[in-house]
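# Structural description and commentary
Read off the chains here:
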Amino acid sequence: MSMKNNIYQNTEENIKKAAEVIKNGGLVAFPTETVYGLGANVYNAKAVASIYAAKGRPAFNPLISHIAEKDFLKEYAAVDERVLALADKFWPGPLTFVLNRVEENPALDLACAGLRTITVRMPAHPTALALIKKSGVPIVAPSANRSQTISPTTAFHVADSLGDKVDMILDGGQCRVGVESTIIDITGKNVVLLRAGGVALEDLEEFLGEKVLISHGNPDLPTSPGQMLKHYAPSHDFRINALSREDGEFFIGFGAVTDCDLNLSPSGDLCEAAANLFAYMRLADADKNHDKIAMSPIPETGLGLAINDRIRRAAYKK
Ligand code: TXA
Ligand code: MG
């Protein structure tokens, strides 16, 4: 099998085809000005789960939503004058904002890795913008490479790294910037740099007229204890690796388990389980008839690593 047979030139017809793939829950790798992204419909948790599976990520990292119009921001992020001014100045372009989510939209939980923030940018690439517009939804996309490998700047790099794990690779040639976007957290009073990238720190500071703080956290490891507190955690006691239900527990099963209130995936499909995870935790927490939650063991393979990482933190007692 040729690894190149899912590469498509970025013609209008192929972009239209790719938009259909996104709408139908598939994965499309597409060019941006920084690096190629591995894209899915931000509102489709099953599709988002398949991104983590394709990348082989051991944990759910928050993903960047790519939008084509500034108006989309208001749908899910808290915007103020500073955000809008930064967007006017630097978008489309290699600057990504971490913003507070405005509403509890559980469909976004997996893309946000359970955080209360949402991460957004508008890429400066005509193919990316056309794809987002034709898809009609924001496209969530990490760099289109396997976890722990170098970000791809050509369609061939994507094919090399991900092969047939992606339904379609749109070829837009070599990426102009070649390094990932600059990421800033603007949820607080000060602007904080989380990752250096395509927009220079000096340019940001000059525009803002103030110093940007530098985070010493590694954005590739959003697993530090500080980050953990910002995660959605159920308010009810949460017991993991439970083999059966105890009194008062809402029981979330997996696989062959039948004595449960909800089953993450009766067929034992870890991708399906990841897609359902956050929604089921919310449902269990909201259930009036139980004041505790228990969950079946999840196998420690494939997406199971990310699921276990997430639920261990949700079960952690402060
Ligand atoms: O240029 C780019 O930004 C490319 C193109 C495709 O847009 N995308 C990209 O995405 O580099 P990704 O997922 O490979 O890197 C995003 C990084 C991850 O390390 C993630 O953990 C971090 O940003 N990140 C995203 N949201 C965050 C948040 N709310 N808090 C802390 N870190 C965050
Ligand atoms: Mg990456």
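First things first, this report covers the structure right here in the doc.

Conventions used here
Residues numbered from 1 in each chain as written. Chains lettered and ligands numbered in written order. Predicted model: local features only at pLDDT ≥ 70, side-chain atom pairs only at ≥ 80, totals over all residues. Heavy atoms only, no water. Salt bridge = Lys/Arg side-chain N within 4 Å of Asp/Glu carboxyl O. Helix = DSSP H or I, 4+ residues; strand = E, 2+ residues; numbered from the N terminus. Phe/Tyr/Trp six-rings, centres within 6.5 Å; stacked < 30°, edge-to-face > 60°. Buried < 20%, exposed > 50% of the residue type's maximum accessible area, 1.4 Å probe, protein only. Pairing = 2+ DSSP bridges. Contact = heavy atoms within 4.5 Å. Axes fitted to C-alpha atoms, helices over the stretch in contact; angles between N-to-C directions. Parallel < 35°, antiparallel > 145°, perpendicular 65-115°, else oblique. Left-handed = near helix turned anticlockwise from the far one by under 90°. Nonpolar A, V, L, I, M, F, W, Y, C, P; charged D, E, K, R; others polar.

Moving on, we get to the pattern of salt bridges. Evaluated as defined, the whole model comprises twelve salt bridges. Among the salt bridges present, the one from Arg 239 reaches Glu 249, with a minimum N-O distance of 2.8 Å. Of the two residues, Arg 239 sits in strand β12 (residues 237-239) while Glu 249 sits in strand β13 (residues 249-253), which places them ten residues apart along the sequence. Salt bridges sharing partners connect three or more residues here, namely Arg 101, Asp 109 and Arg 282.

Counted by the stated rule, this structure contains four aromatic pairs. For the ring pair Phe 60 and Phe 278, a centre distance of 6.3 Å and an interplane angle of 55° mean the geometry is tilted. Taken together, the residues span a long stretch of sequence, with Phe 60 in the loop between α2 (45-55) and β4 (64-66) and Phe 278 in helix α9 (residues 270-286) at a distance of 218 residues. Of the two residues, Phe 60 and Phe 278, both sit in the buried class. Where Phe 90 meets Phe 207, the ring centres are 5.7 Å apart and the plane angle is 85°; that geometry is what we call edge-to-face. Highlighted residues: Phe 90 in helix α4 (residues 81-90) and Phe 207 in helix α7 (residues 201-208), separated in sequence by 117 residues. Among the aromatic side chains, those forming a connected cluster through ring pairs are Tyr 52, Phe 60 and Phe 278.

Once that is clear, we can look at the sheet that holds β13. Overall, parallel pairing links the four strands, which are arranged β12-β15-β13-β14 in an open sheet. One side of each edge strand has no neighbouring strand; the edge strands of this open sheet are β12 and β14 (262-263). Direction of pairing for β13 relative to strand β15 (residues 292-295): parallel, over a ladder of four bridges. If you follow Phe 250 over to β15, its bridge partner there is Ile 293. Most of the contacts of α9 go to β15, to which it runs at about 150°, and overall it touches β12, β13, β14 and β15.

Let us look at the packing of α9 against helix α10 (residues 304-315). Across the interface, α9 lies against α10 with an axial gap of 9 Å and an inter-helix angle of 20°. Overall, the two elements α9 and α10 adopt an arrangement that is roughly parallel. Of the two possible hands of crossing, α9 and α10 adopt the one that is left-handed. Note on element contacts: α10 touches α9 through Gly 304, Ile 307, Arg 310, Ile 311 and Ala 314, opposite Leu 270, Ala 273, Ala 274, Leu 277, Phe 278 and Met 281. Within the contact of α9 with α10, the residues separate by chemical class into nine nonpolar, one polar and one charged.

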